[in-house]
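Next come the chains, spelled out residue by residue.
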Amino acid sequence: MKAIRSMVLVSSDPVSIERGAKEVYQALQREIKEFDLENEISLTMVGDVGRHEASPLVIIYPEAVIYGPVKEGDVHFLVEEHLYKGRIAAGLQAPVRELSGKIAWLSARKGTLPAEQRIVLERAGIIDPDSIDDYIIHDGYQALAKALTQMNPEQIFDTLEKAGLRGRGGAGFPTGTKWRFVKKASGTKKYVICNADESEPGTFKDRLILEGDPHAIIEALAIAAYAVGADEGYIYIRGEYTLAQQRLHRAIEQAREIGFLGENIFGTEFKFDLHIHSGAGAYICGEETALIESIEGKRGEPRARPPYPTTNGLWDKPTLVNNVETLANVGPILRNGAQWYRSFGTPSSPGTKVYTILGKTNVTGLIEVPMGITLREVIAIYGKGIKDEKPFKLAQTGGSSGSIIPASLQDTPMDFDSFAKAGVALGSGALLICDEDTCVVDLAKVLLNFFRKESCGKCTPCRIGNQRAYEILTNISEGTGALSDLTDLALLSDNLYQLSNCGLGQTAGAPIRDILNYFRAEVEAHIRLKVCPTGVCPMSGKRI
Amino acid sequence: MTTIKSLEDLKKAREEALRKRDAKVASGTAQVIVGMGTCGIAAGARDTMKAILDTIEKDGLNGILVTQTGCIGLCEKEPIVQVIIGDQPKVTYGKVDSEVAKKILKDHVINGKPVADHVIQM
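Conventions we followed
Residues numbered from 1 in each chain as written. Chains lettered and ligands numbered in written order. Predicted model: local features only at pLDDT ≥ 70, side-chain atom pairs only at ≥ 80, totals over all residues. Core = buried A, V, L, I, M, F, W, Y, C linked by C-beta atoms within 7 Å. Buried ≥ 20, exposed ≤ 12 C-beta atoms within 10 Å, placed from the backbone. Helix = DSSP H or I, 4+ residues; strand = E, 2+ residues; numbered from the N terminus. Contact = placed C-beta atoms within 7 Å. Pairing = 2+ DSSP bridges. Axes fitted to C-alpha atoms, helices over the stretch in contact; angles between N-to-C directions. Parallel < 35°, antiparallel > 145°, perpendicular 65-115°, else oblique. Nonpolar A, V, L, I, M, F, W, Y, C, P; charged D, E, K, R; others polar. Left-handed = near helix turned anticlockwise from the far one by under 90°. Expected span 1.5 Å × (residues − 1).

A word on the nonpolar core
(1) Moving on: Counting 194 residues, the largest nonpolar core has Val58, Ile217, Leu221, Ala222, Ile223 and Ala224 of chain A together with Val81 of chain B as its most contacted members.
(2) Moving on: Sort the elements by how many residues they give to this core and helix 10 (residues 214-228) of chain A lands first, with 12 residues.
(3) Moving on: With sequence-adjacent residues up to four places away left out, Val81 of chain B is seen in contact with Val32, Ile33, Val34, Thr48, Tyr93, Val96, Ala101 and Ile104 of chain B.

Have a look at this one:
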């Protein structure tokens, strides 16, 4: 990845194209080349970035200056003034009213780049995952060496806390604090576990890390074990990830051979070894206590909490459970320091987040961007807009256990606190982008169908609640719903959240709550008019 | 493989590995890297890999190092093949089926002319 200092975006919605956005883009390409700035500036055509009165818009980061309407003839002056001489090109800026409304997010972005920043994916796709030499060339195992020979556990906790690393599994718990809890817990035998049971539909960030850079997880687990005082670790990986399992097995063998696992690691007293435990296809086993039960050979059902795994985990011993992406951040933080890590992302959620983009965007795939980027930026810059230029309707975050983000929230910075304030959840990082052809009742029905099948059945609210919510939604989609169903749904959603034993039930009600909050009119149309506005639901009049 | 017992050992191992790699680069060896994550394999990276290895064997080509790597996040463009010749910058190709792979070997690796149709601008 090139180190760029500035990012130039050109709007390319239909209005901009009509007014010559393509010519402006080509002129920019030419001029940037002319001034020999190619290596420090990235130029991107983005989709719809908002207001059309002044389009085509040219937006330049990190100053977050908006120029518009830009004509081909203005480009030379603009590049010379702004990009070459570094001052604002006078007279070309968009009128002030353009800064309000839809593109107000730009001012919040001032001083930062929404560019891809690879920390946890730094090596994935670069190195040969089967070669420990390749990993060592790319600074591998240096963080472990530093931790074991130069740092005590207290310093490691401090560094992680100062860096502000928060769990990337979805809940966002401060990692350093969690490690400290396990260290403080009494007992001599402790465990560390990497949760690689990535079963959220549409999420594949952990698989990519495990397949592309397996040694990073082994290194981070060894650091964690040293810090909390454990000598044994597990990687709980879902059964479907056969390739990732093969690569991890090979990586563990290599690490044992070279002495990064085993006794007297780096000539110290520290000993540590790892096991791989394959899951068997249950969604619930991604929940940390169900995962622990599963490793113990029992049925994967969540435990009652407290006590938390930090004091009573695997075999009733203090246990640290971290997500793959969280662990992948540990090495870079220890190598480069907390201050470096804080230079990415937002003050409350530093660092980067890996997102998987799927659904109705022109480009799908996986990106790692600083925390605090907005959904609109993700869709425009990385998704290259929505297919067939249809309007964006909603995004479903975090596989199933996330939230439904309506278009009105697409300018909210995506970090833990901003999302919590807006009443939605970041989840595991999947962004399912839906256009106007998606029916919210159908979407909620699909999600609830997933939850009712994956519910382990241990606690009643989740077992019965999901089934009942699914039935009500099915009736609404068949055109046989009643308005009283909406009250029932709201109550069910609330009960699921309040009364369920674990995260599965607690988040299962979120889609219902979100569609009733943001898309109530559309749901009511199914009931009052017996019409599905998008034409997705069958509306056959059958009642279950 | 020798056991690493200290930070110095690790540094030595790193230099050793780097030297090995640089020796390959210096000798003008071409590196062909195939993206073999699950997404790549699902899109047909194994066939691509097989075609590359078959062509090298059939035509008796020398000095080509074929390695694998994980996914780089452009799952839509899989199978992805990256080509590095000597110290030239890396060229990344997308949607490389076995036919395209043969063409890349012939045109780019041997004759030094990148196959423009399949290059991904990074």
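Focus on the pairing of strand 3 (residues 81-85) of chain B
Residues and elements named next belong to chain B.
(1) Moving on: Of all 5 residues in strand 3, 4 are buried; the element is thus mostly enclosed.
(2) Moving on: Bridging between strand 1 (residues 30-35) and strand 3 involves 5 bridges; their strand directions are antiparallel. Counted as the bridge partner of Val34 is Val81 from strand 3.
(3) Moving on: Of the strand pairs in this sheet, strand 3 and strand 4 (residues 91-93) are connected by 3 bridges, and their pairing is antiparallel.

Looking at the packing of helix 8 (residues 175-184) of chain A against helix 10 of chain A
Residues and elements named next belong to chain A.
(1) Moving on: With their axes 8 Å apart at the nearest point, helix 8 and helix 10 run at an angle of 50° to one another. Classed by the angle they form, the pair helix 8 and helix 10 counts as oblique. Contacts between helix 8 and helix 10 pair Trp179, Val182 and Lys183 from the former with Ala224, Ala227 and Val228 from the latter.
(2) Moving on: Residues of the contact of helix 8 with helix 10, tallied by class, amount to 5 nonpolar, no polar and 1 charged.

Looking at the sheet that holds strand 1 (residues 6-11) of chain A
All names here are of chain A.
(1) Moving on: On the basis of which strands lie adjacent, the open sheet formed by 4 strands has the order 2-1-3-4 and mixed pairing. Here the strands that pair on one side only, and so sit at the sheet edges, are strand 2 (41-46) and strand 4 (65-67). For this sheet, the mean inter-axis angle between neighbouring strands, taken without regard to orientation, is 20°.
(2) Moving on: When strand 3 (residues 58-61) meets strand 4, the two strands line up antiparallel, connected through 3 bridges. When the bridges of strand 4 are listed, Ile59 appears paired with Ile66.

Points about the packing of helix 17 (residues 440-454) of chain A against helix 18 (residues 460-477) of chain A
Residue and element names in this part refer to chain A.
(1) Moving on: With their axes 9 Å apart at the nearest point, helix 17 and helix 18 run at an angle of 150° to one another. Classified by the angle their axes make, helix 17 and helix 18 are roughly antiparallel. The handedness of the crossing between helix 17 and helix 18 is left-handed. For the pair formed by helix 17 and helix 18, the contact residues are Val441, Asp442, Ala444, Lys445, Leu448, Asn449, Phe451 and Arg452 on the first element and Asn466, Gln467, Ala469, Tyr470, Leu473, Thr474, Ile476 and Ser477 on the second.
(2) Moving on: Looking at the contact of helix 17 with helix 18 residue by residue, the class counts come to 8 nonpolar, 5 polar and 3 charged.

Observations regarding the sheet that holds strand 6 (residues 232-237) of chain A
The pairing of strands in a sheet happens through backbone hydrogen bonds and is either parallel or antiparallel.
Residues and elements named next belong to chain A.
(1) Moving on: Across the sheet, 4 strands lie side by side as 7-6-5-8; this open sheet has parallel pairing. In the strand order of this sheet, the two ends are held by strand 7 (273-278) and strand 8 (319-323), each with one partner. Averaged over all neighbouring strand pairs, the angle between strand axes comes to 20°, with direction disregarded.

Overview of the interface of chain A and chain B
Often the size quoted for an interface is simply the accessible area lost on bringing the parts together.
(1) Moving on: Residue-level contacts link 30 residues of chain A with 25 residues of chain B.
(2) Moving on: Counting residues per element, the ones that place at least two in the side of chain A that touches chain B are helix 5 (132-137), helix 6 (142-150), helix 9 (205-212), helix 11 (242-258) and strand 10 (365-370) of chain A.
(3) Moving on: Sort the elements by how many residues they give to the side of chain A that touches chain B and helix 9 of chain A lands first, with 4 residues.
(4) Moving on: Split by residue class, the side of chain A that touches chain B holds 16 nonpolar, 8 polar and 6 charged.

Thoughts on unusual backbone geometry
Among all residues except glycine, the phi angle is most often negative; among peptide bonds, the trans geometry is most common.
(1) Moving on: Between Arg305 of chain A and the following residue, Pro306 of chain A, the backbone shows a cis peptide bond with an omega angle of -5°.
(2) Moving on: Within the fold, Pro306 of chain A resides in the loop between helix 12 (288-295) and strand 8.
(3) Moving on: Note the cis peptide between Pro306 of chain A and Pro307 of chain A, where omega equals 5°.
(4) Moving on: Looking at the element boundaries, Pro307 of chain A is found in the loop between helix 12 and strand 8.
(5) Moving on: Located in the positive-phi region is Lys530 of chain A, a residue other than glycine, with phi close to 55°.
(6) Moving on: A count of 13 C-beta atoms within 10 Å places Lys530 of chain A in the partly exposed class.
(7) Moving on: One non-glycine residue, Lys95 of chain B, lies in the positive phi region at around 50°.
(8) Moving on: Turning to its location among the elements, Lys95 of chain B is positioned in the loop between strand 4 and helix 4 (98-110).

Things to note about the environment of Asp417 of chain A
Residues and elements named next belong to chain A.
(1) Moving on: Counting through the fold element by element, Asp417 comes out in helix 16 (residues 416-421).
(2) Moving on: Classification of Asp417 as partly exposed rests on a count of 17 C-beta atoms within 10 Å.
(3) Moving on: A sequence separation of 69 residues divides Asp417 from Ser348, and the C-alpha atoms of the two residues are 6.8 Å apart.
(4) Moving on: Those residues in contact with Asp417, other than ones at most four positions away along the chain, are Ser348 and Ser349.

Regarding the environment of Ile292 of chain A
Residues and elements named next belong to chain A.
(1) Moving on: Within the secondary structure, Ile292 is located in helix 12.
(2) Moving on: With 26 C-beta atoms packed within 10 Å, Ile292 lands in the buried category.
(3) Moving on: Not counting residues within four places of it along the chain, the set of residues in contact with Ile292 comprises Pro309, Gly313, Leu314 and Thr319.

Regarding helix 12 of chain A
Residue pairs spaced three or four apart in an α-helix point in one direction, given the helix's 3.6 residues per turn.
Residue and element names in this part refer to chain A.
(1) Moving on: With 8 of its 8 residues buried, helix 12 lies for the most part within the structure.
(2) Moving on: Looking at the buried side of helix 12, the elements it contacts are strand 5 (191-196), strand 6, strand 7 and strand 8.
(3) Moving on: Of the residues trailing helix 12, Gly297 is marked for its positive phi of about 90°.

Observations regarding the pairing of strand 5 of chain A
All names here are of chain A.
(1) Moving on: When you tally the buried positions in strand 5, you get 6 out of 6 residues, the bulk of the element.
(2) Moving on: Side chains of strand 5 alternate between two faces, with Tyr191, Ile193 and Asn195 and Val192, Cys194 and Ala196 buried alike.
(3) Moving on: Relative to strand 6, strand 5 runs parallel, the two sharing 6 bridges. Bridge pairing in strand 6 links Asn195 to Tyr236.
(4) Moving on: Pairing analysis gives 5 bridges linking strand 5 to strand 8, with the strands arranged parallel. In the strand pairing of strand 8, Ile193 is matched with Val321.

Structural notes on helix 18 of chain A
All names here are of chain A.
(1) Moving on: Between its first and last C-alpha, helix 18 extends 25 Å over 18 residues, near the 26 Å set by a 1.5 Å rise per residue.
(2) Moving on: Of the positions making up helix 18, those classed as buried are Pro461, Cys462, Gly465, Asn466, Ala469, Tyr470, Ile472, Leu473, Thr474, Ile476 and Ser477.
(3) Moving on: Contact partners of the buried residues in helix 18: helix 17, helix 19 (484-499), helix 20 (503-508), helix 21 (510-518) and helix 22 (520-529).
(4) Moving on: Where helix 18 ends, the next residue or the one after it, Gly479, has phi of about 80°, a positive value.

Purely geometric stuff here, so don't read any function into it on its own.
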